[in-house]
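Breakdown of the fold
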Amino acid sequence: MSTLDMTNNTIEFPFCQNNLDEFHTFFNAINFKLSLCICIFGCITNVLNFIVLSQKDLRTHINYILTGLAISDFLVMLVYFPYALDHAFSINSRPERLTYGYAHYIYTHAMLSQTAHTVSIFLTITLALWRYISVCHPSCKNAFMNRTLWAIIASYVISPIICLPYYMSLTIQSKSTYVYKGNMTEYKTSNINDTESQFLATIDEENGDFEKYTKYYVQVSSFYMSYNQAFLWVYSVIIKLLPCMLLTYFSVQLVRTLYEAKKRKEKLSGNLQMSAKLLNKKKQADRTTKMLIAVLFLFLITEVPQGILGLMSAVLHQDFYLHCYQKLGDLMDFLALLNSSINFILYCSMSRQFRDAFTKIFLPRCLVRTQRRIANGNGFAEVDSHGRHVETMHETQMTQL
């Protein structure tokens, strides 16, 4: 958001005014180039996520949610990409960024970015809830899983409604400036009263020395100025901290379940012939749960700081928002972009089935055949259709996302 007007009885924040000034200057110099790289990487990886997770062999309820998450994360990247590109290479000059069209672009960019990110938040909560029910309350599993598609659709429909206060918090404002034609030196930079406006307009009409130049900005609206405390409470608690608390609860419960499952497997390890199938099934479920916990943990790293800073802005003073929160805004945006782009790495590193499907789609067949011949030539008993070494039947079973 744009800078707000200062209020009376200001509260000083020496740390923010000194240390954060230096950090803000440093990070702002590299932020947009880094963000541009993240956007390019994230667009590619989320398209790959969508393609792989849409395969017939991977069509499960959890994967449906991950596919919806890939779409929303892709939209986050796609919306931010032209903004980062413009600021990274200064495609538009400063006067061009003060036009009416560019102001509308910034407003639309802010609305779409917030909406797409809110969709990702709701889908992440749905993902955590579905896995929590599947692992901790298996008797209720079918009732929820049958509503997976409706939950995904609801995330995309409800998010714009939740974001309505944010839409109302920004507006496009204009400011008129009279510029001397001779050397384009700005004559007035503040709001001009009626007397000055008439005087300069008369000079402009008679002598042609001055011309009126209108600048357009995206600034906070009168709605926000009237209800800024309520807005910060809603934004920080409902949109940020409440989802984080839910995700923390679900994650803790999943970790606890993993620990209990590990203890049970240790007890069953004495009779491998009778429990091999059961142990392998539990191992698959544990891998899935660990991967989803990693997804949730990365989400918490991104959202918790922003929620806490928003809450502190509501509790402490408006000046905290001006001097502290805004100076960390670029970092918060960068972390959100990073979180939306990194899931592909998690899937590849923690899911064998995802890796196998990715290899089948994108790895050249000649390379797969070469790997199979090499494996057979080295005396391996069996090589599956993906060129993977297989020794026992239970090792061929793949982890389900």
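Located above this text is the structure these notes cover.
Rules behind the numbers
- Residues numbered from 1 in each chain as written.
- Predicted model: local features only at pLDDT ≥ 70, side-chain atom pairs only at ≥ 80, totals over all residues.
- Heavy atoms only, no water.
- Salt bridge = Lys/Arg side-chain N within 4 Å of Asp/Glu carboxyl O.
- Helix = DSSP H or I, 4+ residues; strand = E, 2+ residues; numbered from the N terminus.
- Buried < 20%, exposed > 50% of the residue type's maximum accessible area, 1.4 Å probe, protein only.
- Axes fitted to C-alpha atoms, helices over the stretch in contact; angles between N-to-C directions.
- Parallel < 35°, antiparallel > 145°, perpendicular 65-115°, else oblique.
- Left-handed = near helix turned anticlockwise from the far one by under 90°.
- Contact = heavy atoms within 4.5 Å.
- Nonpolar A, V, L, I, M, F, W, Y, C, P; charged D, E, K, R; others polar.
- Phe/Tyr/Trp six-rings, centres within 6.5 Å; stacked < 30°, edge-to-face > 60°.
- Lys NZ or Arg CZ within 6 Å of the ring centre and 35° of its normal.
- Core = buried A, V, L, I, M, F, W, Y, C linked by side-chain atoms within 4.5 Å.

**Considering the pattern of salt bridges**
Summed over the entire model, instances satisfying the criterion amount to four salt bridges. The salt bridge partner of R97 is D86, with a shortest N-O separation of 3.4 Å. Of this pair, R97 sits in the loop between α2 (61-89) and α3 (100-136) while D86 sits in helix α2; the two residues are eleven residues apart in sequence, bridging distant segments of the chain. What makes D86 buried here is its relative accessible area of 4%. Between E260 and R256 there is a salt bridge, with the nearest N and O atoms lying 2.9 Å from each other. Of this pair, E260 and R256 are both found in helix α9 (residues 228-268), four residues apart, which corresponds to roughly one turn of the helix. Exposure remark for R256: the relative accessible area of 39% places this residue in the partly exposed category.

**Describing the packing of α2 against helix α12 (residues 329-341)**
Two elements in contact, α2 and α12, have axes whose closest approach is 9 Å; the angle formed by their N-to-C orientations is 135 degrees. When the axes of α2 and α12 are compared, the pair comes out oblique. Seen from above, α2 lies across α12 with left-handed handedness. In this structure, α2 uses D73, V76, M77 and Y80 to contact α12, whose residues at the interface are D333, L337, S340 and S341. Across the contact of α2 with α12, the residue classes tally to four nonpolar, two polar and two charged.

**A few points about the packing of aromatic side chains**
What the rule picks out here adds up to 16 aromatic pairs. Here the aromatic rings of F344 and F358 are separated by 5.6 Å at their centres, their planes lie at 65 degrees, and the arrangement is edge-to-face. Of this pair, F344 sits in helix α13 (residues 343-350) while F358 is found in helix α14 (residues 352-362), placing the two residues 14 residues apart along the sequence. Classification of F358 as partly exposed rests on a relative accessible area of 25%. Members of the aromatic cluster, connected to one another through ring pairs, are F344, Y347, F354, F358 and F362. One residue, K33, lies across the ring of F89, its end atom 5.7 Å from the ring centre.

**Structural notes on the packing of α13 against α14**
Axis separation between α13 and α14 bottoms out at 5 Å; the angle between their running directions is 105 degrees. If you check the angle between α13 and α14, you find them roughly perpendicular. Within the contact between the two elements, α13 uses F344, Y347, C348, S349 and M350 and α14 uses R352, F354, R355 and F358. Split into classes, the residues belonging to the contact of α13 with α14 amount to six nonpolar, one polar and two charged.

**Some remarks on unusual backbone geometry**
Unusually for a residue other than glycine, S90 sits at a positive phi of about 50 degrees. With respect to the helices and strands, the residue S90 is situated in the loop between α2 and α3. Its relative accessible area of 52% is what places S90 among the exposed residues.

**Observations regarding the side chain of Q114**
As for its placement among the helices and strands, Q114 is situated in helix α3. Residues within four places of Q114 in sequence aside, it is in contact with C163, Y166, Y235 and I239.

**With respect to the environment of S251**
Note that S251 resides in helix α9. With a relative accessible area of 10%, S251 lands in the buried category. Put simply, S251 and L129 are 122 residues apart on the chain and 9.5 Å apart in space, counted from C-alpha to C-alpha. With near-sequence residues (within four places) excluded, S251 lies in contact with I293 and L296.

**Here we look at the nonpolar core**
Among the nonpolar cores identified, the biggest contains 53 residues, and Y80, Y166, L247 and L337 are the most heavily contacted of them. Not counting the four nearest positions on each side in its chain, Y80 is found in contact with N31, F32, S35, C39, H109, D333 and L337. Core analysis: the next-biggest nonpolar cluster, separate from the first, contains 24 residues, L69, W130, V295 and F354 among them.

Taken by themselves, the reported measurements are silent on function.
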